[in-house]
Amino acid sequence: MKAIRRFTVRTVLPEQLQPLHELALNLRWSWHPETRDLFRSVDPEVWAATGEDPVRLLGEVPAARLAALAADRRFLRRLGDLAEDLREYLSGPRWYQAQQEAAATPPPAAIAYFSPEYGIAAALPQYSGGLGILAGDHLKAASDLGVPIIGVGLFYRHGYFRQSLNRDGWQQERYPLLDPDELAVSLVREGDGTPSRVDLALPGGRTLAAHIWKAQVGRVPLLLLDSDIEANSPAERDVTDRLYGGGSEHRLLQEMLLGIGGVRAVRVYCRLTGHPAPEVFHTNEGHAGFLGVERIRELVAAGAPDPGTVGLDFAAALESVRAGTLFTTHTPVPAGIDRFDRELVARHFSGDAALPGVPVEPVLALGAETWPGGDPKLFNMAAMGLRLAQRANGVSTLHGEVSRSMFNGLWPGFDAAEVPITSVTNGVHAATWIDPAVVRLGAAEIGADRAEDAMTTGDAKRWTGLERIGNTEIWDLRRSLRAQLVDEARRRLRDSWRQRGAGEAELGWVSSVLDPDVLTIGFARRVPSYKRLTLMLRDPDRLRALLLHPDRPVQIVVAGKAHPADDGGKRLIQQMVAFADDPAVRHRIVFLPDYDMAMARHLYPGCDVWLNNPLRPLEACGTSGMKAALNGCLNLSVLDGWWDEWYDGQNGWAIPTADETGGVLDPDSSEAERRDDIEAAALYDLIEEQVAGRFYDRGADGLPHRWIAMVRHTLVTLGPKVLAGRMVREYVERLYTPAALAQRELVGAEHPPRAEGSAGATTVDTGFERPGASGRFAGALELAAWKAKVREAWPAVRVEHVEADCPDEAQELGSSLSLRVQVALGVLEPGDVEVQAVSGRVDETDGISDGCVLALKPVGGSDLDGRTRYEGSLELCRTGPFGYTVRVLPAHPRLASPAELGLVAVPAESSGMDAGVLR
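Heads up: these notes are all about the structure in this document. Being a predicted model, the structure only gives us computed values, none of them experimental. (Residues numbered from 1 in each chain as written. Predicted model: local features only at pLDDT ≥ 70, side-chain atom pairs only at ≥ 80, totals over all residues. Heavy atoms only, no water.)

Remarks on the sheet that holds strand S17 (residues 589–592)
Ordered by their spatial adjacency, six strands build an open sheet running S17-S16-S15-S18-S19-S20, and the pairing between neighbours is parallel. The open sheet has two edge strands, S17 and strand S20 (652–655), and neither has a second partner. Direction aside, the axes of adjacent strands within the sheet are offset by 20° on average. Direction of pairing for strand S19 (residues 634–638) relative to S20: parallel, over a ladder of four bridges. (Pairing = 2+ DSSP bridges. Helix = DSSP H or I, 4+ residues; strand = E, 2+ residues; numbered from the N terminus. Axes fitted to C-alpha atoms, helices over the stretch in contact; angles between N-to-C directions.)

Structure follows, in C-alpha cells:
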C-alpha cells in the first residue's frame, strides 16, 4: 500500500547532544573533516547507510545509541569543542573584515549572489554540473574569507536526476522526491511563526507564490525559493519541480522566480535578520537576469506612497541598478544561452502581470537581439544580463576572449578586444576537494595552521615548503589514494550491474577490476557532444593496446550524465558502456553511473591523470582538472579553459589540437570529425610515449622520480592558483568593491546602506533614502540625462579632418607624428567626449592589432560651425608596418568603460582601424 501523505518524524536528542543539531544544520560539516568524523563516530553503519548525511543520521540512529553517547564524556568533550569551533568560525574576523578595516574604499556591506543551481554537498542535491559546483565553491570560499554574501537560488523538489543504466547501457533517469525536513534547510518565518512568502503576478490574474528555505553554508545564508506550496495551483506548484526541466514557459517562470522572487526573498531575509542590504548583485549566468528588472521596479515605485516625492524614472533607475550589478557568463557558444519567444516574455510583463511602474517595452528592449544576425522574435537572457550589468566577466582568460568576440554585437563599432567583459578564472574550494590524507601530508611539512590558511586564501607564499616533501611519502600517498578509488569503483560497479539485472553469481569478475598499481586515468563530466566523451574510442584497437600493454598498462575510470532530453549524449554513454562491457578489457576500463559529489571525492584523489579533451575553445573553464591537481593528479588536456592559462610543461601534458580552421567548429560537422581523428591520434601518442613511459620509469629504489617531481611541482605551483579563495578575493577586489563604489556615487551614499528591507511585492526599502532627500540618486539622474543627451546628439558627431606631419618615406623608431584633428560635436561639449588616436601594427588589410590609445587634447574653443580642434603627438613605438586612426568616444567619469554606450565616431573613410598606414 502507498501512503497518502509523507512526513518526517525527527529524533528527540538528549539535552547533552543538542549541539549536534547546530552542527548538522550548518553545511560547514561538508568541508570540515573533524565534524564529519564526529558524526561518523555517532554510528558508523548508519552514517554510511544515510550517505554520510548528518540530518538523516540523527533521524535514524537508535535511541539506545543516543543515550549511550549522552553519557560518554569523551564524546561530549569532542562535541563541545566542535560546537565552540563553529561558533568562533561564524563570528570571528576573517580576511574580509581585515579589508574593511584597512581599505580606503570600504568593500560592499553585502553581496547577493544568484545562481540556478548550487553544489554544496551530495546531501543537498540542487546541482547538475560545473555551474552549480562552482556556485557552491563560491559560497564556501566566501564563508571562509568572511565575505558577506547572501546566496539565492531555487529549491527543486526533485533536484537533478539520478542516473542508472539498463542492460543495454542506455541511461535511465529517476527523480526521487526530496523532503526538506530530511535536509539541512530551515523555513524562513515571520515574527509570528508563519512562513515568509514572496508572490509574483502572472497573466490571467494568477499568482506564483513561494516559500523560502534557508541553507546555512558556514557564514553564508543560501535562500532557496520553493513554489510547491498549497497557495499555488498545480501548475504553479510544479515551477520548482526539477532542475532544468519542462518547456519554454516553465523555464521562463523558473527564471522569473529566481530573479524577481529572489530579490524579494533577499529583502525579506534582511528585514527579519538585520543583515545589511546588498550593495552588489552578482548573477551567475543569465538565468537570474530578471533580478535587474525587479530592482528597477523597486526604484521607480519607491516614491509612490509618499506625497510630495516621486520614484525614479526608468532610465535613472536602470543606471543605479547597472552600477551595482555584475554578470558572469559561463557560456562559450550562443546555443548555450536561454532565449525565449518575445511574445511569451511580453505576456508575462504586461497587463495584470506587469511590474508596477515598469513598462513592457523597455523590458523587452533589454533582451533584444539587435546585432546583425540576431532574431528580433527572441528575448536573449545573456543580452539582458549584459545590458543590466555595468561589469561582466568570463571564467578564464581564454573564455574572456571568446566572450568578447561572442557578444561583440552589443558594442557595435568596437573591436572584440575592447568589449567590456573581463575575466576571473574559476577556482575550487580546497577543503571540499582535497583528500584529508593530502592535507595531512602537507600539514606535516608546513604545519596545520599554515596549511589551513594556504587552502583558504590562495596566498602562494603559504604553499612554500611543500617542495620539501619526500619522494617516498608522495608515492606512498598516491598509491594509497589509488587503492581507495579501486575499492570504491568496484563497489559502485557491482551496484550498477545489479541494477542492470545481473545476479551475484555473474559478478565474480568485479573483484579483480582495476589494479592499485596501474596508471589510472580519470574522465568525468557532463556529456554534451563538445566534451567528446568518446574521443578515446576513435581507434578501439589502439585503445585496447594501451589498456592491455604487457609492461605499461593503463586503466581508465569514466563517469558522466547526459541531459535527459539529449539522446545524442545518451548514445555516447551507450558506446562507452559497450566498450567497457567487453570481457577482454572490462578489468581496465569502467563506466560508473550516477556521477555526483560523493563519487567525485574518490575520483579526483585516486586518479594519476585527469583527462579533458573538449572541442577547443568550448570549455569555459573546466574546474574538474583543478580539483584533481589539488590532490597531486596530473592533467592531460586540450589547451582550453584554465589549462590554456596555467599549463607550464611540467604540471601535465597538452593534447595538440588541429586548429587549421581558426574558429569554433560545430561539434557535429565533418570538419570536427576530421579534427577528432587527428586529436585522438595525438592523445594515444601522448599516453603511450610520454604519460605511461614516465609513470613506469622507475629508479633503483622502485620510484618514478620524474613523475613524482611533476606531482610535487603541480601541488606547489598550481595549488594556490586553482583555489576558490583566490577567485573570490579577485571578485572582491576587482569587481565587487568597484561596483559598490559606483553604486554609492550614483545613489549619493558615502557609506554602505542600512540593513532594513521590506517583504512587500510592490514597495521595498532598499536601504537608501528616496529621490529628493539629501540629494539621493542625483548621480543616477544626472548620468541617465547625460546618456540620453549623448545618444540623441551622436548622429551629428563626426571626425571631419585628420592631418599629420608625416613624410611618405619610412620613419625611424622613436620618432613622433604631430596629429591635428577637426571634430564636429553638434550640441555636445568637449567634456562630453574623448578624441583618441589609436595606433599599432597593421596587417595586410591595414587592420590594427594590439592598438595603443592616445587621448588628444582640445585646442581652443569651438568654431562657428561647431567644430573643435584636437592635437597630440603620436610616438612611433614599433618597427614594421604601422598605422593609426582617430575616433571619438563618449566620456563621463561614471562610465566603467569607454565602450559602455556602444557609440563611436571614426573618419568617414575608415571602417575600422585602417587609416594612416606607415610602412
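Overview of the state of the cysteines
Per the counting criterion, the structure on display carries zero disulfides. Considering cysteine sulfurs only, Cys607 is the nearest to Cys633, which forms no disulfide, with 5.7 Å between them. (Disulfide = S-S within 2.5 Å.)

Some words on helix H19 (residues 448–457)
Buried within H19 are the following residues: Ala451, Ala454, Met455, Thr456 and Thr457. Gly458, located one to two residues past H19, shows a positive phi value of around 75°. (Buried < 20%, exposed > 50% of the residue type's maximum accessible area, 1.4 Å probe, protein only.)

Structural notes on the nonpolar core
Core analysis: the biggest nonpolar cluster contains 108 residues, and Leu519, Met536, Ile556, Ile589, Leu603, Leu636 and Trp707 have the highest contact counts within it. Sort the elements by how many residues they give to this core and helix H20 (residues 471–499) lands first, with nine residues. Among all residues touching Leu603, those that are not within four sequence positions of it are Leu485, Ala524, Val557, Ala559, Tyr595 and Trp610. Val61, Tyr113, Ile120 and Ala135 belong to the second-largest nonpolar core, a separate cluster that totals 66 residues. (Core = buried A, V, L, I, M, F, W, Y, C linked by side-chain atoms within 4.5 Å. Contact = heavy atoms within 4.5 Å.)

Overview of the packing of aromatic side chains
By the definition in use, this model includes 20 aromatic pairs. Ring geometry for Phe39 and Trp47: centres 6.2 Å apart, planes at 10°, overall stacked. Neither Phe39 nor Trp47 differs from the other in exposure class; each is buried. Seen in terms of ring centroids, Trp643 and Tyr647 are 5.1 Å apart; in terms of plane orientation they differ by 45°. Their pairing is tilted. Its relative accessible area of 30% is what places Tyr647 among the partly exposed residues. Clustering of aromatic rings is evident, with ring pairs tying together Trp475, Trp653, Phe695, Tyr696 and Trp707. Over the ring of Phe523 we find Arg525; its NZ or CZ atom is 4.5 Å from the centre of that ring. (Phe/Tyr/Trp six-rings, centres within 6.5 Å; stacked < 30°, edge-to-face > 60°. Lys NZ or Arg CZ within 6 Å of the ring centre and 35° of its normal.)

Here we look at helix H23 (residues 597–606)
Buried residues dominate H23, accounting for seven of its ten residues. Among the residues of H23, those classed as buried are Met597, Met599, Ala600, Leu603, Tyr604, Pro605 and Gly606. Two to three positions downstream of the cap, the backbone nitrogen of Ala598 sits 3.2 Å from a side-chain oxygen, assigning the N-cap of H23 to Asp596. (Polar contact = N/O pair within 3.5 Å; in protein donor to acceptor, adjacent residues only side chain to side chain.)

Description of the sheet that holds strand S22 (residues 816–824)
The strand order across the open sheet built from four strands is S21-S22-S26-S25, with neighbouring strands paired in antiparallel fashion. If you trace the sheet from one side to the other, it starts and ends with strand S21 (798–804) and strand S25 (857–859), each paired once. Put simply, the sheet's adjacent strands are angled 30° from each other on average, direction ignored.

Topic: the packing of helix H10 (residues 248–273) against helix H11 (residues 291–301)
Two elements in contact, H10 and H11, have axes separated by 7 Å at closest approach and are oriented at 55°. Classified by the angle their axes make, H10 and H11 are oblique. Our pair here, H10 against H11, has a crossing hand that is right-handed. Where H10 abuts H11, its residues Gly259, Ile260, Val263, Arg264 and Arg267 lie against Leu291, Glu294, Arg295, Arg297 and Glu298. (Parallel < 35°, antiparallel > 145°, perpendicular 65-115°, else oblique. Left-handed = near helix turned anticlockwise from the far one by under 90°.)

Quick notes on the pattern of salt bridges
Where charged atoms of side chains with opposite charge meet at close range, the side chains can pair. Counted by the stated rule, this structure contains 58 salt bridges. Arg482 serves as the salt-bridge partner of Asp608, at 2.9 Å between the closest nitrogen and oxygen. Of this pair, Asp608 sits in the loop between H23 and strand S18 (609–612) while Arg482 sits in helix H20, and the two are 126 residues apart along the sequence. Asp608 sits in the buried class, given a relative accessible area of 1%. Residue Glu782 is joined to Arg894 by a salt bridge in which the shortest nitrogen-to-oxygen separation is 3.5 Å. Here Glu782 is found in helix H29 (residues 778–793), whereas its partner Arg894 is found in the loop between strand S27 (882–890) and strand S28 (917–918), with 112 residues between them in sequence. Exposure remark for Glu782: the relative accessible area of 34% places this residue in the partly exposed category. (Salt bridge = Lys/Arg side-chain N within 4 Å of Asp/Glu carboxyl O.)

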